[in-house]
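Each chain, written out:
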Amino acid sequence: MQDQIKNIISASIEVKNKVLQDQAILKAIEDITTITVEALKNGNRVYFCGNGGSAADAQHLAAEFSGRFYKDRDALPAEALHVNTSYMTAVANDYSYDVVYSRLVKGICNKGDVLIGLSTSGNSGNIVKAFETARERGVITVGFTGETGGKMKELSDYLVNVPSKDTPRIQESHILLGHIYCQLVEEKYFA
């Protein structure tokens, strides 16, 4: 069993080493840091969305902004779109699960806000629809996906597509890159 444990850890390290060598991903993190700081300074907000484990990661990253990361500082205006279970279950029941995020994007997002969608496949229907609505509203879209980017690739203003097809390894890299993003935004916004 210890060999299996070591193999899983090694697989995670291997994906992170690929991320480390991927100039497009490193540039995307740099770019989304810059655009997020600009958006926040302009009075805009940051929204996150995902499904399953990616929803947990979205909520985690939103909390790093609205709570704190390293610095004892004011809250930043950020939230995960799925935390209102009454809304989620009502809209999923009355309309469709595919529109749970797009309805919120249409209702609360403004031009210049940043919408971050996490989907390991890049094909989550509700996030794809949210990104389509975001485009119509002038909301900046950031996709955190797996290797291909899926349907989100064409709808993302900025794409962070982790070079893997293995869902747990992708999610592990999403949280690593998300933490880096949170740290850099905090440092630059509160400099």
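Refer to the preceding data block for the structure.
Once a new chain begins, its residue numbering starts again from 1 and follows that chain's sequence as written. Per-residue local features are limited, in this predicted model, to residues with pLDDT of at least 70; the limit for side-chain atom pairs, both in listing and counting, is 80 or more; totals at the level of whole chains, interfaces and linings are taken over all residues. Hydrogens and water are ignored here; the side-chain numbers use all heavy atoms of the structure.

Draft legend 1. Spatial organisation of the nonpolar core. Within this scheme, the nonpolar core is defined by two criteria: the residues are buried Ala, Val, Leu, Ile, Met, Phe, Trp, Tyr or Cys, and they are joined through side-chain atoms within 4.5 Å. The classification of residues rests on relative accessible area computed with a 1.4 Å probe and restricted to protein chains. Under 20% of the type maximum is buried, over 50% is exposed, and intermediate values are partly exposed. By size, the foremost hydrophobic cluster in this structure holds 33 residues, and its most contacted members are V46, F48, F65, I116, F144, L177 and Y181. Helix and strand definitions here come from DSSP, where helices need a minimum of 4 consecutive H or I residues and strands a minimum of 2 consecutive E residues; each element is numbered from the N-terminal end. When residues of this core are traced back to their parent elements, those giving at least two are α1 (2-21), α2 (23-41), β1 (46-50), α3 (53-66), β2 (78-80), β3 (114-118), β4 (140-145) and α8 (167-189). Per element, the largest residue contribution to this core is eight residues, and it comes from α2. In what follows, a contact means two residues having at least one pair of non-hydrogen atoms within 4.5 Å. In this view, F65 contacts V46, F48, R73, A75, L76, A78, Y181, C182 and V185; residues no more than four positions away in its chain are not counted.

Draft legend 2. Molecular detail of the sheet that holds β1. The five strands are arranged β2-β1-β3-β4-β5 in an open sheet whose pairing can be described as parallel. Two strands lie at the open edges of the sheet, namely β2 and β5 (158-161), each paired on one side alone. Neighbour-to-neighbour, the strand axes of the sheet open up by a mean angle of 15 degrees, direction not taken into account. Relative to β5, β4 runs parallel, the two sharing four bridges. Note that in β5 the partner of G143 across the bridge is L159. Here α2 sits on the sheet and contacts β1, β3, β4 and β5; the angle it forms with β5, its principal contact strand, is near 135 degrees. A fitted line through C-alpha atoms represents every axis, and for helices the fit uses only the stretch in contact; the resulting angles, taken between N-to-C directions, go from 0 to 180 degrees. On the sheet, α8 packs against β1, β3, β4 and β5 and is oriented at approximately 140 degrees with respect to β4. Pairing between strands is defined by DSSP: at least two bridges between the two strands are required.

In short, shape yes, function no, at least from these values alone.
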